[in-house]
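# Commentary on secondary and tertiary structure
Each chain, written out:
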Amino acid sequence: MEREFTVGIGGAAGDGLDKSGDTLAKGVSRMGLYVYAYNSYQSIIRGGHIWLRVRIGEKKAHSHGDHLNLLIALNQDTVERHAREVEPGGAVLYNSDRFTCETSLLRDGVVGLPLPVNEITKPFGRLLPIMQNTVALGAVMFLTRFDFDSTAGVLGDTFKHKGQAVVDQNVKIMKAGYDYAREHFVPLVKEAWNFSRVRRPFATGNELFALGAVTAGCKFYSAYPMTPASSILHWMASHGEQCGVVVKQCEDELAVVNMAIGAGHAGVRAMCGTSGGGFALMTEGIGMAGMLEAPVVVIEVQRGGPSTGIPTKTEQGDLNQVFGASQGDFPRVIIAPTETADCFWTAVEAFNLAEKYQLPVLIISDLLLSEHPETIEGDALRHDVAIERGELVTEWPKNNGPYRRYANTPSGVSPRALPGTEGTEYVAATDEHDEEGILISDVFTSPPVRRKIMERRMKKVELALQELEPPKLEGPADAPVTLIGWGSSKGVIGEARALLAAEGVRANQLHIKYLHPFHTREVKSILEKSKMLIGIEGNYTGQFARFLRAETGISVHASILKYDGEPFEPRIIAEEVKRIVARKPASLDVTLEEAREMAYHYIRTHLADAARPVKIELTDGNSHGEPVWRVEIADRESGKKRGDLEIGIRTGALYAWQPAFATTAGA
């Protein structure tokens, strides 16, 4: 039986948990285990709360899952937030010198494992607080039966630039944590793992966008730092000189897109990247690329909006924006990659499409897909990819007649000459023009010329569609439920289908990668045979469901939507599908767990994080017009009651904070 184990690491920004999680993930992946990690972080350098989940198994995982077997708590706040998530048979590992883990916070069958870090590290002298992570990592190696030497090797690679003494110290401290755990704890994993020792790449979607672009011949990349697209710029800046890429950090996104378009017009393969707010500034430039017929690749990595929204949280809320980029009708391709390895091949494909059809290609990703790291198969990537540059003119003999850059060819694709090619002078203007590039927007206006040049340009859309692979139905063809998604949710929907199948609900899945041009005929043919259609999207309004109806005339019967900034989990989808199948009404009421989290939010923002919710009960018969969660809040250290918080179950309104002293005075 193939097994898996999920480790959660929580702390504050600046606690170094990302490095610890990276070390753990790389260590187990070197032993041949599969890893899928997700980091839920905040837009802050120090403080706040960071939550990293690392799912590890002998079988490939396609999401961060919905289980937690071991919690590594680097501060008290993490214990408060996540201890209840640990499943029976699991544990909470914490630095007992700094904080506590009360049994009241744990589910039955979960144990608290105190690590006296000061005692364990005393032989090493005075150390930085961050070294608690290394001690905990050593304990994890024992508790999980992961390979110590492989993880030690990762530490060696990580700190070798600081010298062997630093490497040796980190390894010894990790060994001290391991030895302490061996003497005082019992392993959580009972049997040894089946280590295949197959080493696989461990990468994020953004890293593979960059690697795919370089492999496809990208020679220019421009960007303004904007989460969650920034790590593409980081990778390009680190590898640009080695890979022969000119990397430009611009002053704003207008400059970003215009520079990329200019580079593409000049003949090099060019790409730029941004998020929703930056893409809003780029949209006029996208239209310019469509009018100039200049090849360019633009990556739009979605985050929570509108405006600056929630910069470090994921969402699929920019679909309408990307569809509506710039004014007027013009040919472009919009692609939503579906998984990490697909980011590499999407980048390769985007450059070929951009040059073959002389148009902008827009890649729409999101924070989840772009930033989460996972192991992928080694043969999922190739260095020898096909490079197709299309109708590229390198010379123009005089007997060819005058060069017509925008010639009305039968295919719609005109001969493209790079600036400087002898005999191919033309005007590349953002106004409409004739075949030679002469403007028809003023003195030489001509409606029939406009009509034919427009028709010629738009032919390219249908031509491009013919080489895009249509979506295929996955799962039993006669299943009564069809789950429809797009982009990054493919894997988690697939895992939800497996959960449903185990519980007697048969479902198949149609997942969309190519958004424009759209495979209307093929999608319609599939969905017309389906009995119940359920759309699954990470936004509030069901943007793709609306687009699907516009393209095919087919409406989904129900939608499962998520817009809290966190990605879908398999169980969430499965439970919602079962509710829909049973025709039960949806509830947007604040749940007990949500009420607890909202109480914590109040505690952090109003009570200096010095209290905790200790009792939550549902009450009615109040003056608020809705039932409320009444949350009793106590001092974190003394346990004395500090007051009651009332939260509306339907509205989520914080109706009242009643301090304990006020209640006493009233009595």
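Look up a bit, the structure's there.
Here goes a summary of the coordinates provided. (Residues numbered from 1 in each chain as written. Predicted model: local features only at pLDDT ≥ 70, side-chain atom pairs only at ≥ 80, totals over all residues. Heavy atoms only, no water.)

This next bit is on helix α10 (residues 276–292). For α10, built from 17 residues, the straight-helix expectation of 24 Å at 1.5 Å per residue is met to within 8% by its first-to-last C-alpha distance of 24 Å. Of all the bends in α10, the greatest measures close to 50° and is centred on Met 282. Burial of α10 is extensive: twelve of the 17 residues sit out of reach of the surface. Those residues of α10 hidden inside the fold are in contact with α9 (253–266), β10 (269–274), β11 (296–302), α11 (319–323), β13 (360–366) and α14 (447–465). Glu 293 occupies a position one or two residues after α10 and carries a positive phi of about 60°. (Helix = DSSP H or I, 4+ residues; strand = E, 2+ residues; numbered from the N terminus. Expected span 1.5 Å × (residues − 1). Bend = angle between axes of the 7 residues up to and from the residue. Buried < 20%, exposed > 50% of the residue type's maximum accessible area, 1.4 Å probe, protein only. Contact = heavy atoms within 4.5 Å.)

Note the cis peptide between Gly 305 and Pro 306, where omega equals 0°. Residue His 516 is joined to Pro 517 through a cis peptide bond whose omega torsion reads -5°. If you trace the backbone, Pro 517 turns up in the loop between β20 (514–516) and α16 (520–527). A positive phi is found at Arg 197, a non-glycine position, where the angle reads about 65°. For Arg 197, a relative accessible area of 55% puts it in the exposed group. Phi at Glu 293 takes a positive value of approximately 60°, unusual for a residue other than glycine.

Here the focus is the sheet that holds strand β23 (residues 611–619). Read from one edge to the other, the open sheet built from four strands follows the order β23-β24-β25-β26, with strand pairing classed as antiparallel. In this open sheet, the two strands that pair with only one neighbour each are β23 and β26 (654–659). Shown here is a sheet whose adjacent strand axes are inclined to one another by a mean of 20°, direction ignored. Across five bridges, strand β25 (residues 641–648) lies against β26 in antiparallel orientation. Among the inter-strand pairings, Ile 647 is bridged to a residue of β26, identified as Leu 654. Running at roughly 140° to β23, helix α19 (residues 592–606) makes contact with β23, β24 (628–635), β25 and β26 of the sheet. (Pairing = 2+ DSSP bridges. Axes fitted to C-alpha atoms, helices over the stretch in contact; angles between N-to-C directions.)

The next subject is the side chain of Thr 314. Positionally, Thr 314 belongs in the loop between β11 and α11. Only 3.5 Å separates the side chain of Thr 314 from the backbone nitrogen of Leu 367, close enough to count as a polar contact. (Polar contact = N/O pair within 3.5 Å; in protein donor to acceptor, adjacent residues only side chain to side chain.)

Their axes nearest at 10 Å, the elements helix α1 (residues 17–30) and helix α4 (residues 132–144) cross at an angle of 30°. When the interaxial angle is binned, α1 and α4 end up roughly parallel. Relative to α4, α1 is oriented so that their crossing is right-handed. The residues of α4 that touch α1, namely those facing Leu 17, Ser 20, Thr 23 and Leu 24, are Asn 133, Leu 137, Val 140 and Met 141. (Parallel < 35°, antiparallel > 145°, perpendicular 65-115°, else oblique. Left-handed = near helix turned anticlockwise from the far one by under 90°.)

For the rest of this paragraph, the subject is the packing of aromatic side chains. Inspection of every chain in the model, using the stated rule, returns 15 aromatic pairs. Judged by centre distance (5.3 Å) and plane angle (35°), the ring pair of Phe 146 and Trp 193 falls under tilted. With Phe 146 in the loop between α4 and α5 (148–159) and Trp 193 in the loop between α6 (164–184) and β7 (202–204), this residue pair connects regions lying 47 residues apart in the sequence. Summarising the burial analysis for this pair, Phe 146 and Trp 193 share the class buried. Centroid distance Phe 344 to Trp 345: 5.1 Å. Interplanar angle 80°. Geometry classified as edge-to-face. Judged by its relative accessible area of 1%, Phe 344 is buried. A network of ring pairs unites the aromatic residues Phe 323, Phe 518, Phe 544 and Phe 547 as a single cluster. Sitting over the face of the ring of Trp 193, Arg 3 holds its NZ or CZ atom 4.7 Å from the ring centroid. (Phe/Tyr/Trp six-rings, centres within 6.5 Å; stacked < 30°, edge-to-face > 60°. Lys NZ or Arg CZ within 6 Å of the ring centre and 35° of its normal.)

Walk down a regular strand and you will see the side chains alternate between the two sheet faces. When you tally the buried positions in strand β3 (residues 47–57), you get nine out of eleven residues, the bulk of the element. Pairing of strand β1 (residues 4–13) with β3 involves nine bridges; the strand directions are antiparallel. Among the inter-strand pairings, Ala 13 is bridged to a residue of β3, identified as Gly 47. Taken together, the seven bridges between strand β2 (residues 34–40) and β3 define a ladder with antiparallel strand orientation. The residue bridging Tyr 38 from the neighbouring strand is Arg 53, located in β3. In sequence, β2 turns back onto β3 through a hairpin of six residues.

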